[in-house]
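Structural description and commentary
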Amino acid sequence: MPLNRRHFLAATAAATALPRVALASPMVLRAGPVTAQIMPEGDGTTALWGFNGSTPGPELRARVGDMLNVRFENGIGSGSAIHWHGIRIENGMDGVPGLTQPLVEAGAEHDYSFRLPDAGTFWYHSHHRSWEQVERGLYGALIIEEETPPEVNHDITVIVDDWRIERTGELIEDFGNRHDFAHGGRMGTFARIVPTVSTVRKGDRVRLRIINTATARIFPLEITGITGKIVALDGMPLAQPRDLERSVLAPAQRMDVIADVTDTVQFLFPTGQDPYPLGDIAVDGENPTPITAPIAALPQPRISQPAATPDHRLTMRLEGGAMGGRHAGDDIWSLNGVSNLPDAPWQRFARGDTVQITIVNDTAFPHGMHLHGHHFHELEEDGSPGPLRDTTLLMRGQSRDILCVFDNPGKWLLHCHMLGHQASGMKTWLEVA
Ligand code: C2O
Ligand code: CU
(Lines give C-alpha, C1' and ligand atoms only; values in the text may rest on other atoms or scores of the structure.)
(Ligands and ions follow the chains in the order given, each with its own letter.)
Protein backbone atom coordinates (compact mmCIF):
# COMPACT_ATOMS: atom_id res chain seq x y z
CA MET A 1 0.00 0.00 0.00
CA PRO A 2 1.64 3.26 -1.11
CA LEU A 3 1.73 6.25 1.18
CA ASN A 4 -0.85 8.83 0.32
CA ARG A 5 0.91 11.93 -0.95
CA ARG A 6 -1.86 14.35 -0.02
CA HIS A 7 -1.74 13.02 3.50
CA PHE A 8 2.00 13.41 3.54
CA LEU A 9 1.97 16.97 2.33
CA ALA A 10 -0.68 17.91 4.85
CA ALA A 11 1.40 16.33 7.58
CA THR A 12 4.01 19.04 7.55
CA ALA A 13 1.48 21.63 8.69
CA ALA A 14 1.32 20.34 12.24
CA ALA A 15 3.69 18.20 14.19
CA THR A 16 2.15 17.50 17.55
CA ALA A 17 4.66 17.65 20.37
CA LEU A 18 4.34 15.01 23.06
CA PRO A 19 4.33 16.05 26.68
CA ARG A 20 7.16 14.77 28.85
CA VAL A 21 6.11 13.01 31.98
CA ALA A 22 7.96 13.13 35.27
CA LEU A 23 8.98 9.68 36.39
CA ALA A 24 7.36 8.54 39.61
CA SER A 25 8.51 5.25 41.07
CA PRO A 26 6.83 2.96 40.42
CA MET A 27 5.55 4.64 37.33
CA VAL A 28 2.15 3.43 36.20
CA LEU A 29 1.64 2.66 32.53
CA ARG A 30 -2.02 2.08 31.93
CA ALA A 31 -2.91 0.71 28.51
CA GLY A 32 -6.32 1.63 27.15
CA PRO A 33 -8.26 3.17 24.29
CA VAL A 34 -7.25 6.70 23.21
CA THR A 35 -8.38 9.19 20.61
CA ALA A 36 -5.35 10.50 18.75
CA GLN A 37 -4.76 13.39 16.39
CA ILE A 38 -2.63 11.47 13.92
CA MET A 39 -3.63 13.57 10.94
CA PRO A 40 -3.04 17.33 11.05
CA GLU A 41 -5.00 19.45 13.53
CA GLY A 42 -8.46 20.08 12.09
CA ASP A 43 -8.57 16.74 10.24
CA GLY A 44 -10.25 13.67 11.71
CA THR A 45 -9.03 11.85 14.80
CA THR A 46 -8.13 8.16 15.07
CA ALA A 47 -9.32 5.65 17.67
CA LEU A 48 -6.22 3.83 18.87
CA TRP A 49 -4.73 2.31 22.01
CA GLY A 50 -2.16 4.08 24.15
CA PHE A 51 -0.60 4.38 27.58
CA ASN A 52 -1.82 6.91 30.14
CA GLY A 53 -4.11 8.47 27.54
CA SER A 54 -1.70 8.99 24.66
CA THR A 55 -0.07 7.23 21.77
CA PRO A 56 2.89 7.20 21.61
CA GLY A 57 2.81 6.52 25.35
CA PRO A 58 4.68 8.78 27.76
CA GLU A 59 8.41 9.06 27.26
CA LEU A 60 10.15 7.30 30.15
CA ARG A 61 13.46 8.88 31.14
CA ALA A 62 15.97 7.53 33.58
CA ARG A 63 19.71 7.55 34.16
CA VAL A 64 22.12 4.75 33.35
CA GLY A 65 22.48 2.38 36.29
CA ASP A 66 19.02 3.27 37.69
CA MET A 67 16.29 0.80 38.44
CA LEU A 68 13.15 1.25 36.37
CA ASN A 69 9.98 0.31 38.23
CA VAL A 70 6.81 0.22 36.17
CA ARG A 71 3.38 -1.05 37.08
CA PHE A 72 1.61 -2.09 33.89
CA GLU A 73 -2.18 -1.94 34.09
CA ASN A 74 -3.95 -3.63 31.24
CA GLY A 75 -7.09 -1.75 30.23
CA ILE A 76 -7.35 -2.78 26.58
CA GLY A 77 -9.84 -5.61 27.16
CA SER A 78 -7.52 -8.42 26.01
CA GLY A 79 -4.20 -9.92 27.10
CA SER A 80 -0.92 -8.03 26.74
CA ALA A 81 2.64 -7.57 28.09
CA ILE A 82 5.38 -4.97 27.73
CA HIS A 83 8.77 -5.59 26.17
CA TRP A 84 11.63 -3.14 26.82
CA HIS A 85 13.24 -3.15 23.41
CA GLY A 86 17.03 -3.06 23.36
CA ILE A 87 17.57 -3.15 27.10
CA ARG A 88 20.10 -5.80 28.15
CA ILE A 89 17.57 -6.80 30.70
CA GLU A 90 17.17 -9.51 33.29
CA ASN A 91 15.37 -12.33 31.45
CA GLY A 92 12.28 -12.44 33.69
CA MET A 93 11.54 -8.78 32.87
CA ASP A 94 11.77 -9.14 29.08
CA GLY A 95 8.01 -9.13 28.60
CA VAL A 96 7.50 -12.12 26.30
CA PRO A 97 4.33 -14.03 27.28
CA GLY A 98 4.82 -17.78 27.19
CA LEU A 99 8.63 -17.51 27.28
CA THR A 100 9.55 -15.14 30.12
CA GLN A 101 6.26 -14.34 31.86
CA PRO A 102 2.56 -15.20 31.86
CA LEU A 103 0.20 -13.14 29.73
CA VAL A 104 -1.20 -10.11 31.57
CA GLU A 105 -4.91 -10.74 31.23
CA ALA A 106 -7.48 -8.04 30.52
CA GLY A 107 -7.98 -5.95 33.65
CA ALA A 108 -4.89 -7.38 35.36
CA GLU A 109 -1.62 -5.66 36.23
CA HIS A 110 2.01 -6.68 36.21
CA ASP A 111 5.07 -5.12 37.83
CA TYR A 112 8.32 -4.67 35.95
CA SER A 113 11.47 -3.76 37.82
CA PHE A 114 14.93 -3.89 36.31
CA ARG A 115 18.28 -2.14 36.14
CA LEU A 116 19.29 -0.07 33.12
CA PRO A 117 22.82 -1.08 32.11
CA ASP A 118 23.27 1.19 29.09
CA ALA A 119 22.70 4.87 28.35
CA GLY A 120 20.91 5.38 25.05
CA THR A 121 17.71 5.50 23.05
CA PHE A 122 15.38 2.57 23.61
CA TRP A 123 11.65 1.97 23.49
CA TYR A 124 8.90 -0.11 24.99
CA HIS A 125 6.04 -1.85 23.23
CA SER A 126 3.47 -4.58 23.57
CA HIS A 127 4.84 -8.05 22.91
CA HIS A 128 1.54 -9.87 22.57
CA ARG A 129 -0.25 -9.85 19.21
CA SER A 130 2.23 -7.07 18.55
CA TRP A 131 1.25 -6.96 14.86
CA GLU A 132 -2.06 -5.57 16.15
CA GLN A 133 -1.21 -4.00 19.52
CA VAL A 134 1.86 -2.01 18.42
CA GLU A 135 0.00 -1.01 15.28
CA ARG A 136 -2.86 0.27 17.47
CA GLY A 137 -0.39 2.43 19.38
CA LEU A 138 0.94 0.49 22.39
CA TYR A 139 4.49 1.83 22.43
CA GLY A 140 6.62 4.71 23.72
CA ALA A 141 10.20 5.94 24.05
CA LEU A 142 12.52 4.82 26.84
CA ILE A 143 15.45 7.22 27.15
CA ILE A 144 18.42 6.40 29.36
CA GLU A 145 20.66 9.38 30.00
CA GLU A 146 24.43 9.21 30.40
CA GLU A 147 25.96 10.03 33.78
CA THR A 148 27.26 13.18 32.08
CA PRO A 149 25.13 13.82 29.01
CA PRO A 150 26.78 15.61 26.07
CA GLU A 151 26.11 19.34 26.04
CA VAL A 152 23.16 20.23 23.80
CA ASN A 153 20.43 22.89 23.85
CA HIS A 154 17.65 20.38 23.20
CA ASP A 155 17.44 16.62 23.69
CA ILE A 156 14.62 15.70 21.32
CA THR A 157 12.96 12.33 20.73
CA VAL A 158 11.58 11.90 17.23
CA ILE A 159 9.30 8.94 16.72
CA VAL A 160 8.64 8.06 13.09
CA ASP A 161 5.68 5.86 12.27
CA ASP A 162 2.99 5.14 9.73
CA TRP A 163 -0.69 4.35 10.19
CA ARG A 164 -3.19 2.62 7.94
CA ILE A 165 -6.07 5.03 8.13
CA GLU A 166 -8.79 6.45 5.90
CA ARG A 167 -8.74 10.09 4.87
CA THR A 168 -11.29 10.64 7.64
CA GLY A 169 -8.68 9.42 10.14
CA GLU A 170 -10.60 6.19 10.74
CA LEU A 171 -8.35 3.22 11.48
CA ILE A 172 -8.46 0.41 8.92
CA GLU A 173 -8.69 -2.64 11.16
CA ASP A 174 -7.50 -5.46 8.89
CA PHE A 175 -4.64 -6.36 11.22
CA GLY A 176 -4.40 -10.08 10.59
CA ASN A 177 -4.34 -9.64 6.81
CA ARG A 178 -2.43 -12.70 5.47
CA HIS A 179 -1.64 -10.89 2.25
CA ASP A 180 0.26 -8.25 4.23
CA PHE A 181 1.94 -10.98 6.29
CA ALA A 182 3.17 -12.76 3.15
CA HIS A 183 4.48 -9.54 1.59
CA GLY A 184 6.17 -6.54 3.19
CA GLY A 185 3.83 -6.30 6.18
CA ARG A 186 1.19 -3.76 7.13
CA MET A 187 2.15 -0.52 5.41
CA GLY A 188 0.40 2.68 6.44
CA THR A 189 -1.43 5.17 4.28
CA PHE A 190 -0.05 8.08 6.28
CA ALA A 191 3.31 8.65 7.95
CA ARG A 192 4.90 11.36 10.00
CA ILE A 193 7.25 12.20 12.82
CA VAL A 194 6.12 12.77 16.39
CA PRO A 195 8.80 14.98 18.00
CA THR A 196 8.95 15.99 21.67
CA VAL A 197 9.92 19.56 20.76
CA SER A 198 8.34 21.66 18.01
CA THR A 199 10.70 24.66 17.80
CA VAL A 200 14.42 25.25 18.15
CA ARG A 201 16.66 28.27 17.53
CA LYS A 202 19.08 28.71 14.68
CA GLY A 203 22.49 27.85 16.07
CA ASP A 204 21.14 25.48 18.71
CA ARG A 205 22.90 22.18 19.18
CA VAL A 206 20.35 19.38 19.26
CA ARG A 207 20.39 15.72 20.02
CA LEU A 208 17.83 13.87 17.93
CA ARG A 209 16.82 10.42 19.14
CA ILE A 210 15.03 8.95 16.16
CA ILE A 211 12.98 5.78 16.68
CA ASN A 212 11.19 3.84 13.93
CA THR A 213 8.13 2.39 15.68
CA ALA A 214 6.41 1.23 12.48
CA THR A 215 5.46 -2.44 12.33
CA ALA A 216 6.63 -2.90 8.74
CA ARG A 217 7.83 0.25 7.02
CA ILE A 218 11.54 0.88 6.54
CA PHE A 219 12.23 4.61 6.67
CA PRO A 220 15.06 6.01 4.60
CA LEU A 221 15.58 9.45 6.11
CA GLU A 222 17.04 12.66 4.89
CA ILE A 223 17.25 15.42 7.48
CA THR A 224 17.84 18.97 6.27
CA GLY A 225 18.59 22.12 8.27
CA ILE A 226 21.27 20.59 10.48
CA THR A 227 24.96 19.78 10.24
CA GLY A 228 26.27 17.12 12.55
CA LYS A 229 27.01 13.48 13.19
CA ILE A 230 25.35 10.17 13.91
CA VAL A 231 26.62 9.27 17.39
CA ALA A 232 24.68 6.09 18.21
CA LEU A 233 22.69 3.30 16.59
CA ASP A 234 20.09 1.18 18.41
CA GLY A 235 21.02 2.86 21.70
CA MET A 236 24.72 1.98 21.43
CA PRO A 237 27.32 4.74 20.95
CA LEU A 238 29.49 4.54 17.86
CA ALA A 239 33.22 4.44 18.53
CA GLN A 240 33.58 7.04 15.77
CA PRO A 241 30.66 9.37 15.04
CA ARG A 242 29.59 9.07 11.41
CA ASP A 243 28.77 11.70 8.89
CA LEU A 244 25.10 12.45 8.73
CA GLU A 245 24.10 11.40 5.29
CA ARG A 246 20.96 9.72 4.11
CA SER A 247 20.31 6.85 6.49
CA VAL A 248 17.87 4.00 6.79
CA LEU A 249 15.92 2.86 9.83
CA ALA A 250 14.27 -0.54 9.81
CA PRO A 251 11.31 -1.11 12.13
CA ALA A 252 12.56 -0.91 15.76
CA GLN A 253 15.92 0.62 14.85
CA ARG A 254 17.09 3.88 16.39
CA MET A 255 19.64 6.54 15.54
CA ASP A 256 21.04 9.34 17.73
CA VAL A 257 22.23 12.45 15.96
CA ILE A 258 24.02 15.43 17.49
CA ALA A 259 23.93 18.42 15.19
CA ASP A 260 23.77 22.20 14.91
CA VAL A 261 20.64 23.83 13.55
CA THR A 262 21.11 25.94 10.43
CA ASP A 263 17.49 26.14 9.28
CA THR A 264 14.06 24.50 9.69
CA VAL A 265 14.79 20.85 10.52
CA GLN A 266 12.94 18.87 7.88
CA PHE A 267 12.50 15.11 7.92
CA LEU A 268 12.13 13.77 4.41
CA PHE A 269 11.38 10.32 3.08
CA PRO A 270 13.32 10.12 -0.19
CA THR A 271 11.48 8.50 -3.09
CA GLY A 272 12.18 8.12 -6.78
CA GLN A 273 10.46 11.49 -7.29
CA ASP A 274 10.02 14.34 -4.81
CA PRO A 275 10.73 13.38 -1.24
CA TYR A 276 7.73 12.98 1.05
CA PRO A 277 7.86 15.39 3.97
CA LEU A 278 7.41 13.59 7.29
CA GLY A 279 7.23 16.81 9.28
CA ASP A 280 9.62 19.33 10.68
CA ILE A 281 10.91 21.16 13.73
CA ALA A 282 10.52 24.90 13.16
CA VAL A 283 13.16 27.54 13.78
CA ASP A 284 12.26 30.46 16.03
CA GLY A 285 15.00 32.97 16.84
CA GLU A 286 18.73 32.57 17.04
CA ASN A 287 21.02 31.20 19.73
CA PRO A 288 23.39 34.07 20.69
CA THR A 289 25.97 31.72 22.26
CA PRO A 290 26.14 28.53 20.18
CA ILE A 291 28.02 25.51 21.52
CA THR A 292 31.25 25.29 19.55
CA ALA A 293 32.96 22.22 21.03
CA PRO A 294 33.48 19.51 18.40
CA ILE A 295 30.87 16.75 18.32
CA ALA A 296 32.60 13.84 20.04
CA ALA A 297 31.88 10.16 20.58
CA LEU A 298 29.55 9.34 23.48
CA PRO A 299 30.96 7.40 26.42
CA GLN A 300 31.45 3.84 25.20
CA PRO A 301 29.18 1.07 26.54
CA ARG A 302 30.40 -1.39 29.15
CA ILE A 303 29.77 -4.48 27.10
CA SER A 304 31.69 -7.77 26.76
CA GLN A 305 34.25 -7.85 23.96
CA PRO A 306 33.91 -10.76 21.50
CA ALA A 307 36.62 -13.43 21.54
CA ALA A 308 39.06 -13.26 18.61
CA THR A 309 37.82 -16.67 17.44
CA PRO A 310 34.11 -17.37 17.83
CA ASP A 311 33.05 -20.35 19.96
CA HIS A 312 30.31 -21.14 17.42
CA ARG A 313 29.65 -20.27 13.79
CA LEU A 314 26.09 -20.68 12.63
CA THR A 315 23.90 -19.88 9.67
CA MET A 316 20.36 -18.61 9.89
CA ARG A 317 18.41 -18.76 6.65
CA LEU A 318 15.33 -16.56 6.29
CA GLU A 319 12.80 -18.32 4.08
CA GLY A 320 9.27 -18.18 2.77
CA GLY A 321 6.85 -15.40 1.89
CA ALA A 322 5.28 -14.49 -1.40
CA MET A 323 7.14 -14.31 -4.71
CA GLY A 324 9.64 -17.10 -4.59
CA GLY A 325 12.41 -18.13 -2.32
CA ARG A 326 12.86 -21.47 -0.63
CA HIS A 327 10.12 -22.46 1.76
CA ALA A 328 10.44 -25.22 4.30
CA GLY A 329 8.30 -24.25 7.29
CA ASP A 330 4.62 -24.86 7.94
CA ASP A 331 3.63 -21.20 8.14
CA ILE A 332 4.25 -18.29 5.76
CA TRP A 333 7.82 -17.66 6.95
CA SER A 334 10.50 -19.84 8.49
CA LEU A 335 14.01 -19.72 9.94
CA ASN A 336 16.20 -22.65 8.90
CA GLY A 337 13.06 -24.53 7.88
CA VAL A 338 11.17 -24.02 11.13
CA SER A 339 8.17 -21.73 11.50
CA ASN A 340 7.26 -20.25 14.89
CA LEU A 341 8.72 -21.13 18.28
CA PRO A 342 9.98 -24.71 18.57
CA ASP A 343 9.66 -26.43 21.97
CA ALA A 344 13.42 -26.69 22.26
CA PRO A 345 15.59 -23.63 21.62
CA TRP A 346 17.25 -23.20 18.23
CA GLN A 347 20.59 -23.10 20.08
CA ARG A 348 21.91 -23.37 23.62
CA PHE A 349 25.00 -21.35 24.49
CA ALA A 350 27.20 -21.31 27.54
CA ARG A 351 27.22 -17.94 29.21
CA GLY A 352 29.94 -15.81 27.63
CA ASP A 353 30.14 -17.68 24.30
CA THR A 354 31.09 -15.59 21.30
CA VAL A 355 28.90 -16.60 18.38
CA GLN A 356 29.10 -15.61 14.73
CA ILE A 357 25.84 -15.99 12.82
CA THR A 358 25.59 -15.60 9.07
CA ILE A 359 22.07 -14.42 8.34
CA VAL A 360 21.00 -15.20 4.78
CA ASN A 361 17.90 -13.52 3.42
CA ASP A 362 16.59 -16.09 0.97
CA THR A 363 13.28 -14.28 0.42
CA ALA A 364 11.94 -11.56 -1.84
CA PHE A 365 11.43 -9.08 1.03
CA PRO A 366 13.56 -7.14 3.51
CA HIS A 367 13.63 -8.23 7.15
CA GLY A 368 14.80 -6.51 10.32
CA MET A 369 16.04 -9.27 12.61
CA HIS A 370 15.94 -8.48 16.32
CA LEU A 371 17.68 -10.32 19.15
CA HIS A 372 16.40 -9.91 22.69
CA GLY A 373 18.59 -9.27 25.74
CA HIS A 374 21.84 -8.57 23.85
CA HIS A 375 23.49 -6.30 21.35
CA PHE A 376 25.62 -7.76 18.58
CA HIS A 377 28.17 -6.36 16.17
CA GLU A 378 27.31 -6.19 12.50
CA LEU A 379 30.50 -7.39 10.82
CA GLU A 380 32.04 -5.10 8.24
CA GLU A 381 32.99 -6.37 4.78
CA ASP A 382 36.57 -6.96 5.96
CA GLY A 383 35.30 -9.07 8.86
CA SER A 384 36.00 -6.52 11.58
CA PRO A 385 33.30 -5.85 14.18
CA GLY A 386 31.15 -2.90 13.12
CA PRO A 387 28.47 -1.04 15.09
CA LEU A 388 26.57 -2.67 17.91
CA ARG A 389 22.90 -3.19 17.13
CA ASP A 390 19.87 -5.04 18.44
CA THR A 391 18.12 -5.12 15.06
CA THR A 392 19.81 -5.72 11.72
CA LEU A 393 18.25 -5.02 8.34
CA LEU A 394 18.70 -7.48 5.49
CA MET A 395 17.44 -6.45 2.12
CA ARG A 396 16.18 -9.15 -0.26
CA GLY A 397 18.93 -11.53 -1.21
CA GLN A 398 21.37 -9.98 1.26
CA SER A 399 23.55 -11.79 3.80
CA ARG A 400 25.20 -10.38 6.88
CA ASP A 401 27.36 -11.77 9.65
CA ILE A 402 26.71 -10.74 13.20
CA LEU A 403 28.96 -11.36 16.17
CA CYS A 404 27.48 -11.61 19.64
CA VAL A 405 28.73 -12.37 23.12
CA PHE A 406 25.86 -14.27 24.72
CA ASP A 407 26.49 -13.17 28.28
CA ASN A 408 22.92 -12.65 29.49
CA PRO A 409 21.40 -15.84 30.90
CA GLY A 410 17.87 -16.83 29.97
CA LYS A 411 15.52 -17.52 27.09
CA TRP A 412 15.74 -14.98 24.31
CA LEU A 413 13.74 -14.41 21.17
CA LEU A 414 15.27 -13.84 17.76
CA HIS A 415 12.65 -12.61 15.32
CA CYS A 416 11.79 -10.36 12.44
CA HIS A 417 10.58 -6.95 13.62
CA MET A 418 8.29 -6.68 10.63
CA LEU A 419 5.65 -7.77 13.10
CA GLY A 420 3.37 -9.51 10.61
CA HIS A 421 6.34 -11.69 9.63
CA GLN A 422 6.96 -12.49 13.27
CA ALA A 423 3.28 -13.44 13.63
CA SER A 424 3.43 -15.79 10.65
CA GLY A 425 6.49 -17.82 11.47
CA MET A 426 9.66 -15.71 11.40
CA LYS A 427 10.79 -16.21 14.96
CA THR A 428 12.80 -18.58 17.12
CA TRP A 429 14.48 -18.56 20.51
CA LEU A 430 17.76 -19.46 22.09
CA GLU A 431 18.90 -20.19 25.58
CA VAL A 432 21.95 -18.95 27.44
CA ALA A 433 22.75 -21.09 30.46
CU1 C2O B 1 10.85 -4.89 19.81
CU2 C2O B 1 10.64 -8.93 20.28
O3 C2O B 1 10.68 -6.90 20.04
CU1 CU C 1 10.50 -10.06 8.06
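See above for the structure.
Residues numbered from 1 in each chain as written. Chains lettered and ligands numbered in written order. Predicted model: local features only at pLDDT ≥ 70, side-chain atom pairs only at ≥ 80, totals over all residues. Heavy atoms only, no water.

So, the nonpolar core
- Core analysis: the biggest nonpolar cluster contains 82 residues, and Leu-29, Leu-60, Trp-84, Phe-114 and Leu-142 have the highest contact counts within it.
- Per-domain counts for this core show at least three residues from each of domain 1 (20–286) and domain 2 (312–432).
- For Leu-29, the contacting residues outside a window of four places in its chain are Phe-51, Asn-52, Pro-58, Leu-60, Val-70, Arg-71, Phe-72, Glu-73, Ile-82, Trp-84 and Tyr-124.
- Ala-191, Met-255, Val-265 and Ile-281 belong to the second-largest nonpolar core, a separate cluster that totals 30 residues. (Core = buried A, V, L, I, M, F, W, Y, C linked by side-chain atoms within 4.5 Å. Buried < 20%, exposed > 50% of the residue type's maximum accessible area, 1.4 Å probe, protein only. Domains from an automatic or database assignment. Contact = heavy atoms within 4.5 Å.)

Points about the sheet that holds strand E20 (residues 347–349)
- Judged by pairing direction, the sheet is mixed, and its five strands sit side by side in the order E20-E28-E27-E22-E25 without closing on themselves. If you trace the sheet from one side to the other, it starts and ends with E20 and strand E25 (391–394), each paired once. On average, each strand axis in the sheet is inclined to that of its neighbour by 20°, with strand direction left out of account.
- Where strand E27 (residues 410–416) and strand E28 (residues 427–432) come together, six bridges link them in antiparallel fashion. (Pairing = 2+ DSSP bridges. Helix = DSSP H or I, 4+ residues; strand = E, 2+ residues; numbered from the N terminus. Axes fitted to C-alpha atoms, helices over the stretch in contact; angles between N-to-C directions.)

A short note on the coordination of the copper ion (ligand 2)
- On the protein side, the copper ion (ligand 2) has His-367 (ND1), Cys-416 (SG) and His-421 (ND1) as donor atoms, found 2.0 to 2.1 Å from it.
- The exposure class of His-367 is buried, given its relative accessible area of 0%. (Donors = N, O, S within 2.8 Å, 3.2 Å for Na, K, Ca; no water.)

Overview of the pairing of strand E26 (residues 399–406)
- Most of E26 is tucked away, with six of its eight residues classed as buried.
- Of the strand pairs in this sheet, strand E21 (residues 353–361) and E26 are connected by eight bridges, and their pairing is antiparallel. Looking across to E26, one finds that Val-360 is bridged to Ser-399.
- Sheet topology note: the strand E23 (residues 376–379)/E26 ladder contains two bridges and is antiparallel. From the neighbouring strand, Glu-378 faces E26, where its bridge partner is Ile-402.

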